[in-house]
Amino acid sequence: MAKKLLVFVCLLAGFSALAQDLNPLEMRWTFGAHEPLTMYRRVGKKCTGGIDGNARWVKDWLDWFDSDSPALMQELGLNWLHCRFYKGMGWEVEKEDFPNVKRFVDNCHAHGVHALAYVQLNTLYPEIMRHEIPDIESWQAVDAGGHPIVWQSHTYYRTTPCIHCAEWEEYLKEICTIALRDGGFDGIMFDNAYSSPCCCPRCEKSFQEYLASLPDKKERFGFEDLSGFSIPKRFTSYNSSGEIREPLMQAWIDWRTRSLTELFLRLRAHIKSVNPNAIVSANALTFRNADLGTEQGINLVEMMEALDLLIGQNEHYPGCQDGRITSRIRELKMARDLRKPIVALCDSDAKMTPEQERHYLLPLYEDLMFGGVPTDRTVLSPKPIPGFVDREKLDRRRPQLSSFNRFVKENETLFTSPVYAPVRLLYPEHEMLFSQSAQESLCAAEEILSRRQIPWGYLISTPWRPFDVPEGTEVIVVPGLLSLSPAQVEGLARWARNGGKLIVTGDSGRYDPFNAQYLVNPLLTALKGAPNTVLRTEADRVSPAILGWTNNVGVPADGGKRLLEDLEQTGFRLPFTLKNCPQEVALDVRKTTEGYVLHFLNYLPSKPVKGLKVNGKTVAPFSEYTFVKISSNQ
Ligand SMILES: [Zn+2]
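The sections below set out a description of the structure shown in this document. Note that this is a predicted model, so its numbers are computed, not measured.

Rules and cut-offs
Each chain carries its own residue numbering, running from 1 in the direction its sequence is written. This being a predicted model, a pLDDT of at least 70 is required before a residue's local features are given, and a value of 80 or more before pairs of side-chain atoms are given or counted; all residues contribute to the totals for chains, interfaces and linings. Water and hydrogen atoms were dropped before computing side-chain values, which therefore reflect all heavy atoms in the structure. Here a strand is any run of E in DSSP of at least two residues, a helix any run of H or I of at least four, and the numbering for each starts at the N terminus. Within these notes, the globule rule equals 2.2 Å times the number of residues to the 0.38 power, and the radius of gyration is based on C-alpha atoms. Relative accessible area decides the class of each residue, using a 1.4 Å probe on protein chains only: under 20% of the type maximum gives buried, over 50% gives exposed, and in between gives partly exposed. We call two residues in contact when some of their heavy atoms are within 4.5 Å. To be clear on the numbers: accessible area is Shrake-Rupley with a 1.4 Å probe, and residue cover counts the displayed protein chains and nothing else. The rule for donors is simple: an N, O or S atom within 2.8 Å of the metal counts, and for Na, K and Ca the reach is 3.2 Å. Water is not among the atoms, so a site may look short of donors. Irregular is the label for any site that misses the other tests, which are tetrahedral for four donors with all angles between 85 and 135 degrees, and square planar for four donors or octahedral for six when opposite donors exceed 155 degrees and the remaining angles lie between 65 and 115. Here a strand pair is declared whenever DSSP counts at least two bridges between the two strands. Note on definitions: angles span 0 to 180 degrees between N-to-C directions of axes, and those axes are lines fitted to C-alpha atoms, for helices only across the stretch in contact. Should an angle lie under 35 degrees it is considered roughly parallel, over 145 roughly antiparallel, and from 65 to 115 roughly perpendicular; all remaining angles are considered oblique. Left-handed describes a crossing whose near helix is turned anticlockwise from the far helix through less than a right angle; right-handed describes the clockwise counterpart. Residue polarity is assigned by list, with Asp, Glu, Lys and Arg as charged and Ala, Val, Leu, Ile, Met, Phe, Trp, Tyr, Cys and Pro as nonpolar; anything else, Gly included, falls into the polar class. Any pair of nitrogen or oxygen atoms within 3.5 Å is treated as a polar contact; in protein, a donor-acceptor pairing is required on top of that, and neighbouring residues in sequence qualify only through side-chain atoms on both sides. Patch membership requires over 30% relative accessible area and the absence of a salt bridge. Like charges are linked within 9 Å, and nonpolar side chains (Val, Leu, Ile, Met, Phe, Trp, Tyr) within 5 Å. What counts as a salt bridge is simple: a side-chain nitrogen of Lys or Arg found within 4 Å of a carboxyl oxygen of Asp or Glu. Charged residues are defined narrowly, with Lys and Arg counted positive, Asp and Glu counted negative, and His plus the chain ends left uncounted. Working definition for charges: the position is that of NZ of Lys, CZ of Arg, CG of Asp or CD of Glu. To estimate how far a helix should extend, the number of its residues minus one is multiplied by 1.5 Å.

**Here's the deal with the overall build of the protein**
Next, step 1: Across its full length, the protein holds 23 helices and 25 strands.
Next, step 2: On C-alpha atoms alone, the protein measures out to a radius of gyration of 25 Å, which is about the 26 Å that the 2.2 N^0.38 rule sets for 634 residues.
Next, step 3: Structurally, the protein occupies a C-alpha span of about 75 × 70 × 40 Å along its principal axes.
Next, step 4: Out of the 634 residues belonging to the protein, those deemed buried represent 61%.
Next, step 5: Here the contacts in the protein between residues at least 6 apart in sequence split such that 76% fall between residues at least 24 apart.
Next, step 6: For the protein, the exposed area adds up to about 25400 Å²; of that, 53% sits on carbon and sulfur atoms.

**Describing the coordination of the zinc ion**
Next, step 1: Protein coordination of the zinc ion is provided by Cys162 (SG), Cys198 (SG), Cys200 (SG) and Cys203 (SG), with donor distances spanning 2.3 Å.
Next, step 2: Classification of the site at the zinc ion rests on its 4 donor atoms, whose angles at the metal span 99 to 121°, yielding the label tetrahedral.
Next, step 3: In terms of primary sequence, the donors binding the zinc ion are separated according to C-x35-C-x1-C-x2-C. One exposure class covers both cysteine 200 and cysteine 203, and it is buried.

**Observations concerning the sheet that holds strand β22 (residues 595-602)**
Next, step 1: The 3 strands are arranged β21-β22-β25 in an open sheet whose pairing can be described as antiparallel. A single partner strand is all that each edge strand has here, and the edge strands are β21 (585-591) and β25 (625-631). Here the strands of the sheet are splayed against their neighbours by 20° on average, with no regard to which way each runs.
Next, step 2: Across 7 bridges, β22 lies against β25 in antiparallel orientation. Along β25, the bridge assignment pairs leucine 601 with tyrosine 625.

**A look at the pairing of strand β4 (residues 80-86)**
Next, step 1: With 7 of 7 residues buried, β4 is to be regarded as a mostly interior element.
Next, step 2: Here β4 pairs with strand β5 (residues 114-120) via 5 bridges, running parallel. Paired with tyrosine 86 across the strands is valine 119, a residue of β5.

**Thoughts on the packing of helix α16 (residues 362-370) against helix α17 (residues 391-410)**
Relative placement of two packed helices is described by the angle separating their axes and the distance separating the axes.
Next, step 1: Their axes nearest at 11 Å, the elements α16 and α17 cross at an angle of 15°. When the axes of α16 and α17 are compared, the pair comes out roughly parallel. Remark: the crossing between α16 and α17 carries right-handed chirality. Seen from α16, the contacting residues are Leu364, Tyr365 and Leu368; seen from α17, they are Leu401, Phe404, Phe407 and Val408.
Next, step 2: Partitioned by chemical class, the residues of the contact of α16 with α17 number 7 nonpolar, no polar and no charged.

**As for the side chain of serine 259**
Next, step 1: Relative to the helices and strands, serine 259 is located in helix α11 (residues 247-274).
Next, step 2: Here histidine 164 takes part through its side chain, which lies 3.1 Å from a polar atom of the side chain of serine 259.

**Quick notes on the sheet that holds strand β17 (residues 533-536)**
Next, step 1: The strand order across the open sheet formed by 5 strands is β14-β13-β15-β16-β17, and the pairing between neighbours is parallel. Bordering the open sheet on either side are β14 (456-461) and β17, each of which pairs with just one other strand. Along the sheet, successive strands turn relative to each other by an average axial angle of 20°, direction set aside.
Next, step 2: Where strand β13 (residues 423-428) meets β14, 6 bridges bridge the pair, whose relative direction is parallel. From the neighbouring strand, leucine 425 faces β14, where its bridge partner is tyrosine 458.
Next, step 3: Set on the sheet, helix α20 (residues 436-451) makes contact with β13, β14 and β15 (475-479); between it and β13 the angle comes to about 160°.
Next, step 4: Sitting on the sheet, helix α23 (residues 561-569) is in contact with β13, β15, β16 (501-505) and β17, with an inclination near 155° to β17.

**What to know about the environment of tryptophan 64**
Next, step 1: Mapped onto the fold, tryptophan 64 is located in helix α3 (residues 58-76).
Next, step 2: The spatial distance from the C-alpha of tryptophan 64 to the C-alpha of phenylalanine 104 is 9.9 Å, given a sequence separation of 40 residues.
Next, step 3: Not counting residues up to four positions away in its chain, the partners in contact with tryptophan 64 are Ser69, Leu72, Gly387, Phe388 and Val389.

**Here we look at a negative patch on the surface**
Next, step 1: Residues Asp216, Glu219, Glu224 and Asp225 make up a contiguous surface patch of negative charge.
Next, step 2: Take aspartate 225: it is sitting in the loop between α9 (217-221) and α10 (238-241).

**A closer look at the pattern of salt bridges**
Pairs can form between side chains of opposite charge once their charged atoms are near each other.
Next, step 1: On inspection of all chains with the given rule, the structure shows 44 salt bridges.
Next, step 2: Here arginine 396 ties to glutamate 357 by a salt bridge, and the two come within 3.4 Å at their closest N and O atoms. A residue pair is termed long-range when its members are at least 10 positions apart, and arginine 396 in helix α17 and glutamate 357 in helix α15 (residues 354-358) qualify at 39 residues.
Next, step 3: On the accessibility criterion, arginine 396 (34% relative accessible area) is partly exposed.
Next, step 4: When its relative accessible area of 13% is taken as the criterion, glutamate 357 is described as buried.

**Quick notes on helix α21 (residues 486-497)**
Next, step 1: Helix length check: α21 (12 residues) gives 16 Å between terminal C-alpha atoms against 16 Å at 1.5 Å per residue, within 8%.
Next, step 2: Of the residues making up α21, those classed as buried are Gln488, Val489, Gly491, Leu492, Ala493, Trp495 and Ala496.
Next, step 3: Trailing α21 by a residue or two, glycine 499 shows a phi angle of about 95°, which is positive.

**Details of unusual backbone geometry**
Next, step 1: Here the amide bond leading from serine 543 into proline 544 is cis, since omega sits at -5°, within 30 degrees of zero.
Next, step 2: Mapped onto the elements of the fold, proline 544 is located in the loop between β17 and β18 (545-546).
Next, step 3: One non-glycine residue, asparagine 192, adopts positive backbone phi at about 50°.
Next, step 4: Structurally, asparagine 192 is set in the loop between β6 (187-191) and α8 (201-213).
Next, step 5: Positive phi values are uncommon outside glycine, yet asparagine 515 reaches one of about 65°.
Next, step 6: The topology assignment puts asparagine 515 in the loop between β16 and α22 (522-526).

**As for the environment of cysteine 581**
Next, step 1: Looking at the element boundaries, cysteine 581 is found in the loop between β20 (578-579) and β21.
Next, step 2: Each C-alpha atom of the pair cysteine 581 and leucine 364 lies 22 Å from the other, and the pair is 217 residues apart in sequence.
Next, step 3: Those residues in contact with cysteine 581, other than ones at most four positions away along the chain, are Gln453, Phe600 and Leu612.

So this is what it looks like as structure tokens:
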């Protein structure tokens, strides 16, 4: 009886985690065994969690996980996860596992762990689902030749759904209803939240309707009548396509991204109608993936409207090799500036090197510093031994996790005070979808400011809201952003006229929102005579500047000297001085009532930072992370 009561109380506690109350400082994400046995068996080889799908012990491990893992999670302070529920094989098959899944969710709640239901958005298993849905083929996305689009080439048996298929959408909503009504889940996590470039008749019709609704067709496309146009049958990925200027390609990107956002808004409305407190989340990969518009059909800034929590899966395990820094700064800061919590899941944690294991807390500190949800997905990874727990790893990480959790608890205000980001990089989210050059210039500016410890954030600008300048902003940087809307140009001019500091580089503003060239750059015209404004004709570059599933960003050739000089020329000064800070160290700053808190993260933890001076005082050496408080009166 007592246990039942406990479960009931914890269930209530589970539902008390309202979406608006999600606090990353109180959340610790972990692996929730989100794949069913059926998937492991169908794959057969090594897959999710580093497990051989055909291993004879997978079922025993899942049984162990369902009953025993939540207690271990509680002991370690890990309290959020997504777990298996719906992989895309059809409910008739997947419901067999449902009693086990429910048992796991109950166990989670009994141990203070919140569980989101894994719902696969982007996969159908027609070979299985066909028994339940005889016309499953009609739900599939198809390529230009009418062939089903497979999820990834090596998983030839997984096809992707057409997101314009109404029957599929209704089915997915019913799946969400079951998860929330019968499964007791705290919310839904849609995996692979992107779409395939489908060419089915449904999509052609929807695209035609979209084209017909566009204004200024003759000016943009050359023709008023677009009824003979159809979905572009060939597209190149962003990284090789350069500037996207073909109007039909742009319209296709807009139609696809809008379709996905609208789908998510409908899914959200449905989920909230079943349980208003349910968390809506999705794994939409990384914000700054250059192929989001073309290949995945995502405008992540817009899609965030539909989400309470973003899962941003990536391959950006923090570190530094040959001078090149890999970090999750971009996605963490973007989510923070959109005021949405993010779990920046890093897949590379599955193959940590001994050196990375030695500095195991580095990614957790990175999450903590930039407002993400601290995550350890691998502490409970199954070891193929009786009991499944890697005791050595557990014993090694337990005290570290415990000291991390204690540190956070005792120092919460260090991370809750307002972010001090006086330098803001303009991010015109819609225009970014069409310009590789703008992506690369922005990438360079991000890299320079991070490496030179200038506290920065984004100034996110949408077509419907050019931008509200966050409090504390001193300098706006427009780094080689070719395309700007008239409203964005006017917003920048107003900022500069009112004395705001502004840096504009490259050909910023020379093109309209559809990447079409003006005869005269309206931004330069609008900024004539503005005080505190620096105009530089050449934008900063780094080579390579590849942002995607795996980032590869080069070292700025001149160390970012010109951008630092520009900042100085606007009259910008930091309210503190740093000396001997290596470029591998990132800085994030919070403003407190007494002064500032400086958070430092070392992306090269094998080389401890020694001799760093803040306001002339030497900071104690550190490997991964440290903080320094300074008073405004110093
Ligand atoms: Zn379609």
